[in-house]
Amino acid sequence: MAQVPIYVNCIALVLSSCNILLVEANRPPAPVNVTVTHLKADSATVSWDVPEGDVIIGYAISQQRQDGQMQRFIREVNTTNRACVLWDLDEETDYIIQVQSIGLYGESQASKRIHFRTLKKSDRFPSNSSNQDDPTVQGLDKSRHLQTGELIIIAVVLIMWAAVIALFCRQYDIIKDNDFNNNKEKAKPSSEHSTPERPTGGLLRSKFQKTAPSINIIEV
């Protein structure tokens, strides 16, 4: 009877080992080609690649100062981005970062430790080295294009509304003038439209009176 707990513990250990192996097999591989570009005094851009054939739904970045005074953990899911901008960095400070891929069944192992150092605030990039490959800059360009398109649409809509209002005002003026002319014609006196009355029977009466014989009565 004492051997039963031993068998139970062995079975539990085997099952847990199998679960661990299954989880490890389903975890995505670690990111590769992790690089830090566009260094500034307070920001930097981290980019990486993911091996093909695995479904990646996000990433996780571990950011730490080399002196160990501050550590930050960035995690984002439901994204296909392969780059991230680190903000609020201290100037002339050494940092260490590691990137992990997030899959459907867990996170990958951390990538190699990448070391970088921020610049001074007085340091400036040349004008020809604008961050064209920076995904954040590309996002800003897309947002600017979207804003320009929205402004064009708004301007077209306003022009159409102005044209409709102008047409309505013109039609209203025409209708108003027609109503005014009709009211003016109705207001004229009826004597202007009536024909002069012709005397009836007057001429006949005068002729009759002139031609009628006169009778004189003489008394004897």
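In this text the structure is predicted, and so the values were computed from the model without any measurement.

Enquirer: What am I meant to see in the overall build of the protein chain here?
Expert: Check the secondary structure of the protein chain and you find three helices and eight strands. Seen in sequence order, the protein chain has helices and strands lined up from the N terminus as α-β-β-β-β-β-β-β-β-α-α. By the burial criterion, 19% of the 220 residues in the protein chain qualify as buried. Long-range pairs, those at least 24 residues apart, make up 62% of the contacts in the protein chain between residues at least 6 apart in sequence. Accessible surface, the protein chain as shown: approximately 17700 Å² in total, 58% of it carbon and sulfur.

Enquirer: Would you mind showing me how to read the sheet that holds strand E1 (residues 32–37) here?
Expert: Taken together, the three strands give an open sheet; going across it, the order is E1-E2-E5, and neighbouring strands pair in antiparallel fashion. Sheet topology places E1 and strand E5 (83–86) at the edges, where each strand pairs with a single neighbour. With strand direction ignored, the average angle separating the axes of adjacent strands in the sheet is 15°.

Enquirer: Looking at this structure, I do not really get the environment of Leu89. What am I missing?
Expert: With respect to the helices and strands, Leu89 occurs in the loop between E5 and strand E6 (94–103). With a relative accessible area of 6%, Leu89 lands in the buried category. As a C-alpha pair, Leu89 and Arg65 span 24 residues in sequence and 9.4 Å in three-dimensional space. Setting aside its immediate chain neighbours within four residues, Leu89 contacts Ala41, Asp42, Ser43, Ala44, Gln63, Tyr95, Phe116 and Thr118.

Enquirer: Just checking my understanding: could you explain the confidence of the model for the protein chain for this structure?
Expert: In regions of low pLDDT, the predicted coordinates are not meant to be interpreted in detail. The share of residues in the protein chain with pLDDT of 70 or more is 62%, and the mean pLDDT across the chain is 75. Long-range and interchain partners of residues 134–143, a stretch whose pLDDT sits below 50, account for nine contacts in this model, where long-range means more than four residues apart. Contacts for the low-pLDDT stretch residues 201–212, under 50 throughout, to residues beyond four places or in other chains number zero contacts.

Enquirer: Please clarify how the pattern of salt bridges should be interpreted in this entry.
Expert: It is possible for side chains bearing opposite charge to pair when their charged atoms get close. Counting across every chain of the model gives five salt bridges. Note that Asp67 is salt-bridged to Arg65, the shortest N-O span being 2.8 Å. Take Asp67: its relative accessible area is 43%, and that puts it in the partly exposed class. With relative accessibility at 16%, the residue Arg65 sits in the buried group.

Enquirer: Sorry, what's going on with the UniProt feature "transmembrane region" (unreviewed entry) in the protein chain here?
Expert: Using the residue numbers shown here, the UniProt feature "transmembrane region" (unreviewed entry) corresponds to residues 151–168. Helix makes up 100% of residues 151–168 and strand makes up 0%, while its end C-alpha atoms are separated by 26 Å.

Enquirer: Mind showing me how you'd approach the nonpolar core here?
Expert: Taken as a class, soluble globular proteins show a tendency for nonpolar side chains to be buried jointly. Ranked by internal contacts, the top residues of the largest apolar core, which has 18 residues, are Val36, Val46, Trp48, Ile61, Leu86, Ile97 and Phe116. Elements represented by at least two residues in this core include exactly E1, strand E2 (44–49), strand E3 (56–65), E5, E6 and strand E8 (114–117). Ignoring any residue separated from it by four or fewer positions in sequence, one finds Val36 in contact with Ala44, Thr45, Val46, Ile97, Ile114 and Phe116.

Enquirer: Hey, could you run me through the packing of aromatic side chains in this one?
Expert: By convention here, two paired aromatic rings are described through the distance between centres and the angle between planes. In total, this model carries two aromatic pairs according to the counting rule given. Seen from their ring centres, Tyr95 and Phe116 are 5.6 Å apart, and the 15° between their planes marks the pair as stacked. Within this pair, whereas Tyr95 is found in strand E6, its partner Phe116 is found in strand E8, the two being separated by 21 residues in sequence. Of the two residues, Tyr95 and Phe116, neither departs from the other in class, the shared state being buried.

Reading the values: rules and limits
Chains are numbered independently. Their residues run from 1 in the order of the written sequence. Where local features are concerned, this predicted model is filtered to residues with pLDDT of at least 70; where side-chain atom pairs are given and counted, the filter is 80 or more; whole-chain, interface and lining totals use all residues. Only hydrogens and water are set aside; all other atoms, that is, all heavy atoms of the structure, feed into the side-chain values. Each helix is a run of DSSP H or I of at least 4 residues and each strand a run of E of at least 2, with the numbering of both proceeding from the N terminus. Residue exposure (1.4 Å probe, protein chains only): buried if accessible area is under 20% of the type maximum, exposed if over 50%, otherwise partly exposed. Note on definitions: a residue-residue contact is assigned when non-hydrogen atoms from the two residues lie within 4.5 Å. What sets the accessible areas is the Shrake-Rupley method with a 1.4 Å probe; for residues, cover comes only from the shown protein chains. Paired strands, in this sense, are two strands between which DSSP finds at least two bridges. Think of each axis as a best-fit line through the C-alpha atoms, taken over the contacting stretch in the case of a helix, with angles from 0 to 180 degrees between the N-to-C directions. The quantity known as pLDDT measures the predictor's confidence residue by residue, on a range of 0 to 100. Each salt bridge in this description consists of a side-chain nitrogen of Lys or Arg and a carboxyl oxygen of Asp or Glu lying within 4 Å of one another. UniProt positions are given in the numbering used here, feature names are shortened, and annotations may be inferred rather than shown by experiment. Buried Ala, Val, Leu, Ile, Met, Phe, Trp, Tyr and Cys residues that are joined via side-chain atoms within 4.5 Å together make up what is termed a nonpolar core. Ring pairs shown here join Phe, Tyr and Trp side chains whose ring centres sit within 6.5 Å, with only the six-membered ring taken for Trp; geometry is labelled stacked below 30 degrees between planes, edge-to-face above 60, and tilted in between.

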